[in-house]
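# Summary of the model geometry
Each chain is listed here by its residues.
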Amino acid sequence: QGAAIHVEGRCHMGCVADLDASDPAQPIVRRVVMTVDVGLPVNPMGIETQMMGGIAEAVSLVFRAGLNFKDGLPVESSFDDYRWVRMPEFPKDVTIHVFPANGNVIGGIGEVGMAAPSGAFANAYARATGIKPRSFPLLRG
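Everything in this summary refers to the structure shown in the same document. (Residues numbered from 1 in each chain as written. Predicted model: local features only at pLDDT ≥ 70, side-chain atom pairs only at ≥ 80, totals over all residues. Heavy atoms only, no water.)

### As for a nonpolar patch on the surface
Taken together, L40, V42 and I106 make up a surface patch of nonpolar side chains, about 270 Å² in accessible area. Relative to the helices and strands, I106 is located in the loop between β6 (93-98) and α2 (115-129). (Patch = residues over 30% accessible without salt bridge, like charges linked within 9 Å, V, L, I, M, F, W, Y side chains within 5 Å. Areas by Shrake-Rupley, 256 points an atom, 1.4 Å probe, with all protein chains shown as cover. Salt bridge = Lys/Arg side-chain N within 4 Å of Asp/Glu carboxyl O. Helix = DSSP H or I, 4+ residues; strand = E, 2+ residues; numbered from the N terminus.)

### Comments concerning the sheet that holds β6
Pairing in this open sheet of four strands is mixed, and the strands run β1-β2-β3-β6 from one edge to the other. Taken across any chain shown, the strands that pair with only one partner, and hence form the sheet edges, are β1 (2-8) and β6. Each neighbouring strand pair of the sheet contributes to a mean axis angle of 15°, computed without reference to strand direction. Where β1 meets strand β2 (residues 11-20), seven bridges bridge the pair, whose relative direction is antiparallel. What sits directly across from E8, in β2, is C11. Strands in contact with helix α1 (residues 44-64) are β2, β3 (28-37) and β6; relative to β6, the strand with the most contacts, it is inclined by about 130°. (Pairing = 2+ DSSP bridges. Axes fitted to C-alpha atoms, helices over the stretch in contact; angles between N-to-C directions. Contact = heavy atoms within 4.5 Å.)

### A few points about the pattern of salt bridges
This structure, assessed with the given rule, holds three salt bridges. R31 is paired through a salt bridge with D93; the nearest N and O atoms lie 3.3 Å apart. Of the two residues, R31 sits in strand β3 while D93 sits in strand β6, which places them 62 residues apart along the sequence. Look at D93 and you get partly exposed, because its relative accessible area is 33%. (Buried < 20%, exposed > 50% of the residue type's maximum accessible area, 1.4 Å probe, protein only.)

### Digging into unusual backbone geometry
In the segment running from F136 into P137, the intervening peptide bond is cis, with an omega of 0°. Of note, P137 is situated in the segment after α2. Its identity is not glycine, yet R10 carries a phi of approximately 60°, on the positive side. Note on placement: R10 falls in the loop between β1 and β2. Using a relative accessible area of 52% as the deciding quantity, one classes R10 as exposed. Phi is positive for D71, which is not a glycine, with a value near 55°. Looking at where D71 falls in the secondary structure, it is placed in the loop between β4 (69-70) and β5 (73-74). In this structure D71 comes out as exposed when scored by relative accessible area, which is 75%.

### Digging into the nonpolar core
In this structure, M13, M34, V36, M51, F63 and F121 are the most contacted members of the largest nonpolar core, which totals 31 residues. Here the element with the most residues in this core is α1; it accounts for eight residues. (Core = buried A, V, L, I, M, F, W, Y, C linked by side-chain atoms within 4.5 Å.)

### Overview of the pairing of β2
Counted along the chain from β1 to the antiparallel partner β2, the turn is two residues long, and its residue G9 has a positive phi close to 55°. Both β2 and β3 contribute to a ladder of nine bridges, which runs antiparallel. In the sheet register, A17 faces β3, and the bridge partner there is V32.

### So, the packing of aromatic side chains
Taken as a whole and assessed by the stated rule, the structure comprises two aromatic pairs. Judged by centre distance (6.3 Å) and plane angle (25°), the ring pair of F63 and F121 falls under stacked. Placement of the pair is F63 in helix α1 and F121 in helix α2, with a sequence separation of 58 residues. Accessibility assignment for this pair places F63 and F121 in one class, buried. Summarising the aromatic geometry, the rings of F63 and Y125 are spaced 6.3 Å apart at their centres and angled 65° between planes, so their arrangement reads as edge-to-face. With F63 in helix α1 and Y125 in helix α2, the pair connects residues that are 62 residues apart, well separated along the chain. (Phe/Tyr/Trp six-rings, centres within 6.5 Å; stacked < 30°, edge-to-face > 60°.)

Below is the structure:
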């Protein structure tokens, strides 16, 4: 397991991830639990879906998606060769807890949904493999 928290734009969030790294070259995110506090959740279902997108982005950027260059030009040219997460790679067990209104002013959730999961995935990978991530994506090629 790995855990991480992130605070930005009056939004507080935490994430715990279960990662199967029995094959360090093919880690699988099995379960994700997130908590999100935006002060005043105007559209809780919208917040949940935004967090799902953040999880997909985090799986992609931590493990596979990145730009590689050869002779000064990017190797990846489109989504067919850019390693964005595919549906079978998305965690099967995801729980997102949106805190109820707590009297604080509304906070934004835009891009913050990927920060805590990214940290949780990297921490889980480090804990499972003993390899401390120093650059991303962890799996190149």
